[in-house]
Amino acid sequence: MKIFINFDSIDEKLNTVSFANGKICGINKNPLDFPFAEIIDLKGHFLSCGFIDSHTHFLHSALEKSYTNLNHSKNNEDLIELMRKSAKNIGYGYDSSCWSKEPNKNILNEISKTEPIFIIRKDYHSGIANDIAIKKINIPKELQNKETENGIFKGRAFIYLSRTISSQFTDSDREDAFLREEKVAFSKGVTTVHALEGGDGWGYDDIEFMIKKEQDKNNNHLNIILYPQTVNINWVKERNLKRIGGCLLLDGSFGSHTASLLNPYSDAPQKTGELYFSDRALMSFIERSHKSNLQTAFHAIGDKATKQLADIYDKILTKYPSKNSRHRIEHCELATDETLKKFSKNNIFVSVQPVFEYFWGENMYRKRLGNRITNRYRDMIDLGLNLAGGSDFNVTEINPILGIHSAVNHPTPSQRISVKQAYYMFTKNASFLSYDENNIGSIDIGKNADFVILSDNLLKIEKSKIKDIKVISTYRNGSKVFIQ
Ligand SMILES: [Zn+2]
Ligand SMILES: [Zn+2]
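A few words now on the domain arrangement of the chain. The domains assigned to the chain are domain 1 (2–44), domain 2 (52–58 + 170–442) and domain 3 (64–166). Using C-alpha coordinates to define each centre, domain 2 is positioned 26 Å away from domain 3. On the side of domain 3, 17 residues touch domain 2, which itself brings 16 residues to the contact.

This part takes up helix 12 (residues 337–345). Looking only at helix 12, the buried set comprises Thr339, Leu340, Lys342 and Phe343. Here the buried residues of helix 12 occupy an arc of 160° about the axis, which is enough to place them on one side. In helix 12, those exposed residues whose orientation departs by more than 90 degrees from the buried face are Asp337 and Glu338. Lining the buried residues of helix 12 we find helix 11 (303–319), strand 16 (328–331), strand 17 (349–352) and helix 15 (377–382). Positive phi appears at Asn347, one or two residues downstream of helix 12, with a value of about 55°.

So, on to helix 6 (residues 155–166). Relative to the 16 Å expected for 12 residues at 1.5 Å per residue, helix 6 spans 17 Å between its end C-alpha atoms, a close match to the ideal helical length. Check the buried side of helix 6 and you find it contacts strand 8 (90–94), strand 9 (118–121), strand 10 (126–129), helix 5 (146–149) and strand 11 (152–154).

It is the contact of helix 10 (residues 279–291) with helix 11, at a shortest axis distance of 10 Å, that shows an interaxial angle of 45°. With respect to their mutual orientation, helix 10 and helix 11 come out oblique. Judged by the sense of rotation from one axis to the other, the crossing of helix 10 with helix 11 is right-handed. Residues Asp279, Leu282, Met283, Ile286, Glu287 and His290 of helix 10 pack against Gln308, Ile312, Tyr313, Lys315 and Ile316 of helix 11. In terms of residue class, the contact of helix 10 with helix 11 is built from 6 nonpolar, 2 polar and 3 charged.

Another point: the sheet that holds strand 8. What the 5 strands build is an open sheet, ordered 7-8-9-10-11; its pairing is mixed. Edge positions in the open sheet fall to strand 7 (68–69) and strand 11, since each of these has one partner strand only.

As for its position among the elements, Gln215 is in helix 8 (residues 205–215). A tally of 10 C-beta atoms within 10 Å means that Gln215 is categorised as exposed. For the pair Gln215 and Ile225, spaced 10 residues apart in sequence, the C-alpha separation works out to 9.3 Å.

Let us now look at the sheet that holds strand 16. Sheet strands pair via backbone hydrogen bonds, and the direction of the pair is either parallel or antiparallel. What the 5 strands build is an open sheet, ordered 14-15-16-17-18; its pairing is parallel. Unpaired on one side and paired on the other, strand 14 (243–249) and strand 18 (387–389) mark the two borders of the sheet. Across the sheet, the axes of successive neighbouring strands diverge by a mean angle of 20°, strand direction being ignored. One ladder, built from 4 bridges, connects strand 15 (residues 295–300) with strand 16; its direction is parallel.

This part takes up unusual backbone geometry. A cis amide bond, omega 5°, links Phe393 with the succeeding residue Asn394. With respect to the helices and strands, the residue Asn394 is situated in the loop between strand 18 and helix 16 (400–408). Non-glycine residue Asn21 carries a positive phi angle of around 50°. The phi dihedral of Asp392 is positive, around 55°, even though this residue is not glycine. Mapped onto the secondary structure, Asp392 falls in the loop between strand 18 and helix 16. Taking the C-beta count within 10 Å as the criterion, Asp392 has 24 such neighbours and is therefore assigned buried.

Considering the arrangement of structural elements, one finds Ser391 in the loop between strand 18 and helix 16. Overall, Ser391 belongs to the buried group, with 29 C-beta atoms counted inside 10 Å. Separated by 40 residues in the primary sequence, Ser391 and Ser351 have C-alpha atoms spaced 9.8 Å apart. The contact partners of Ser391, leaving out residues within four places of it in the chain, are Asp53, His55, Thr56, Gln353, Val355, Thr396, Glu397, Ile398, Asn399 and Gly403.

The rules we used
Residues numbered from 1 in each chain as written. Chains lettered and ligands numbered in written order. Predicted model: local features only at pLDDT ≥ 70, side-chain atom pairs only at ≥ 80, totals over all residues. Domains from an automatic or database assignment. Contact = placed C-beta atoms within 7 Å. Buried ≥ 20, exposed ≤ 12 C-beta atoms within 10 Å, placed from the backbone. Helix = DSSP H or I, 4+ residues; strand = E, 2+ residues; numbered from the N terminus. Arc of directions from axis to C-beta. Expected span 1.5 Å × (residues − 1). Axes fitted to C-alpha atoms, helices over the stretch in contact; angles between N-to-C directions. Parallel < 35°, antiparallel > 145°, perpendicular 65-115°, else oblique. Left-handed = near helix turned anticlockwise from the far one by under 90°. Nonpolar A, V, L, I, M, F, W, Y, C, P; charged D, E, K, R; others polar. Pairing = 2+ DSSP bridges.

Take a look at the structure:
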């Protein structure tokens, strides 16, 4: 048995925590009563249960790290230079929303006229291919349009492009990528991730691989909660999975002007984005999933997409009432009062990514949306919604500390939430999303001995400095898996 002593925590009454065999077995026990226990003095640091990131594309994002990283390109010249230097065919992570000129296929033709070259935007909703690549990937007739002729892939054409690119990975690539990224997650204090994998853009091999990782609970590896991103209900039931969906796209993103809006984009008055599902198709899919006792999850960003999902969940749950179906919405970045009320009425669980506001809230979102208020955390909490936090890795890196910081310091002051509320987004609230509230999400007897030890007290540090808090060490099932 091990006993933590001398720490701060979110619960001021907590003095000691004992754990053995991977589980928490006692709280506030006197260490003197256990002469054979190993006493671990945390020297006044902050002890928390392990963090939960409730929205990652864990495996696929780990695999994508083998692409050229375009995160730091600030213009087309940077992008060309990074691609040339790496000599790889695929680049990922550029964000051209503030560039003077959007990249296009001619830039990629400059990089190579003989090799296929692809680049994928940071939000993973659009990409560009050079002339050789356009020829090679054989775009189906129904997806060809003026944009694809010019090498620009959005919406369904982008999904096709993405699937073509990702069909090249093997299981040994997957294992390497998983283990590499698991270390990164532990270094950020994360012991559980919701892994939204596979699907139209990425295929089924990733899901099969992650089913095995999810079942493998009795070890010190990252705790995986899998969401298979598919609409094939039979496939999911044959494998006895309890959930379906993830970033099943009801619309696109603000960055790519594809998030579906009730009113036009402020910087593109002719555009309102698009809905990827008809009401009928979405209704039928959710109805069948709900009747099969599957928890569902959908990506909806614009206010037209969030409304579509709220209306359909409302219809289904009125027809087939259920107190514990815990259906989810991912992102929910723009939503009307009426939409939020419908989510609340039907007890829909909301999975949000506060770091989006940190990176884009004050610039790109304002440019695209004017004064529309995005990510209304305060309003959602006031309506009684269960809010869980995530990174959408690798749209942003796994980093719950930065997530908590971003929610507390929301660029729109009226939507800021308290440190405790933001902390619960990455712990307790997130545990409810996967029916794991008895296993993870807080320090209680019987729960997994998953912990993170932080350099500073979240409740006492200046709010503007939360992001500077360091992870000192991380424990998974009672074993130390990261030390600073
Ligand atoms: Zn998404
Ligand atoms: Zn996502």
